[in-house]
Each structure stands twice: as structure tokens, then as C-alpha cells.
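# Residue-level structural notes
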Amino acid sequence: MESYYRVESVDVETGECRGGYICAIELILSIILGVAPGQQEALEKAMEESDDERVGTLELMIGCLTDIPVPEVYKADKANHVCLYTEGEFNEELDLLVDLSYMIEDISHGKYRLHYKYVDLFTEEDIKYEDEFQIVVDRARYEELTQGMPYLDLDFRLSLMESDCEDDFDEF
């Protein structure tokens, strides 16, 4: 059975999810640029006109993190679906997600961080879309399977992976 990973923006004080990491990026950009959240055209214009280094960094992050296809089933009904990374794609994006988490934490003055949950309990019937990078499942099913499951720290996961790589290198 495969494991799938969902990265979420979490309120550090309450432990509650506030959305996925793309929502967090948009919120950070809104804060940096002084544009009300949800004002997409104004945000895009402000990004074009900005010379703030953080905006450039976030634009690069958006490009890297959104280089996979957005499934039609998700686009058609974002409110009722969630996307989860495959293990390979999650591991590939982990460095960038950790950097993004630090930015979110810094700009929100410690209020938000990115964390993840992994799920290996989905059945074939649960999966509405699947490719080599991600799956899409019903939000209700995801919440049912992850209820009471703790959020996990991206930093810790990265340190474990780096430790594994060092161990592999030491074997040579």
C-alpha cells in the first residue's frame, strides 16, 4: 500500500489547518504587498511591480511547486477534494517546502507553519485521480482517515532523509 502526503498550513497556537501551502503563499504575498486576500488581479499587478526580494523568492517557489498538472476533478470542485503528493514527489519537494515553511513562520511572526500528514489507508475507490505526482480524494474521506492524526514536522522529515543520505554515502 502506498503512502500519500498532504502539506497544510497550520496555526501553531491552535493546531488547526488553515489550508494548503498554495493558500499560505497567496496570504504571505498579500501581507508583503499590502493587498487584501482574494484580490487576484491586484495581487498579480503588485507582484509585477514589486522589487521585494521575498516576492521574487515566492514566485520561484510557486513555479517549482506548481510544475505538476492540476487535475480537472480538483479544479472543478476544490472545496470537496484534496490533493496529496505521492511519496516520490513529496520527497523531491521537501527542501523547498521546508524553506517555504520558514518564510511563512517568519512573515506570520510565528503564527503559522507548514506541516504534513501521511495516509496509507486509501482504497482504489477513494482515489478520484492519480498520476505519478499526486492523487485526488474527497475531502470528507481524507478528513475521516486523518481525524485525530497528528501533524508531522517537515524539518524533522528532512533531517531524517539527510541522515539516511549520509549513512548511504558513508557506506562507500
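For the structure itself, look to the data block above.
Since the model is a prediction, treat every value here as computed from it, not as a measurement.

Counted residue by residue, strand β1 (residues 4-11) has eight buried out of eight residues, so it is predominantly covered. Here β1 shows two buried faces, one formed by Tyr4, Arg6, Glu8 and Val10 and the other by Tyr5, Val7, Ser9 and Asp11. Bridge analysis of β1 against strand β3 (residues 81-86) gives two bridges, and the strand direction is antiparallel. Considered in β3, the bridge of Tyr4 is made with Thr86. The loop that links β1 with its antiparallel partner strand β2 (residues 17-20) comprises five residues; one of these, Gly15, has a positive phi angle of about 75°.

To continue, consider the packing of helix α3 (residues 53-65) against helix α5 (residues 87-107). Between α3 and α5, the shortest axis-to-axis distance is 11 Å and the interhelical angle comes to 145°. Remark: the crossing between α3 and α5 carries left-handed chirality. Between α3 and α5, the residues in contact are Arg54, Thr57, Leu58, Met61, Cys64 and Leu65 and Glu93, Leu96, Leu97, Asp99, Leu100, Met103 and Ile107, respectively. Across the contact of α3 with α5, the residue classes break down as nine nonpolar, one polar and three charged.

Once that is clear, we can look at the side chain of Lys117. With respect to the element layout, Lys117 can be found in strand β4 (residues 112-119). Buried and unpaired, Lys117 has no salt bridge, with Glu8 as the nearest side chain of opposite charge at 5.1 Å. Of note is the side chain of Lys117, whose polar atom sits 3.2 Å from the backbone oxygen of Met149.

Each value, and the rule that gives it
Residues numbered from 1 in each chain as written. Predicted model: local features only at pLDDT ≥ 70, side-chain atom pairs only at ≥ 80, totals over all residues. Heavy atoms only, no water. Buried < 20%, exposed > 50% of the residue type's maximum accessible area, 1.4 Å probe, protein only. Helix = DSSP H or I, 4+ residues; strand = E, 2+ residues; numbered from the N terminus. Pairing = 2+ DSSP bridges. Axes fitted to C-alpha atoms, helices over the stretch in contact; angles between N-to-C directions. Left-handed = near helix turned anticlockwise from the far one by under 90°. Contact = heavy atoms within 4.5 Å. Nonpolar A, V, L, I, M, F, W, Y, C, P; charged D, E, K, R; others polar. Lys, Arg positive; Asp, Glu negative; His and termini not counted. Salt bridge = Lys/Arg side-chain N within 4 Å of Asp/Glu carboxyl O. Polar contact = N/O pair within 3.5 Å; in protein donor to acceptor, adjacent residues only side chain to side chain.

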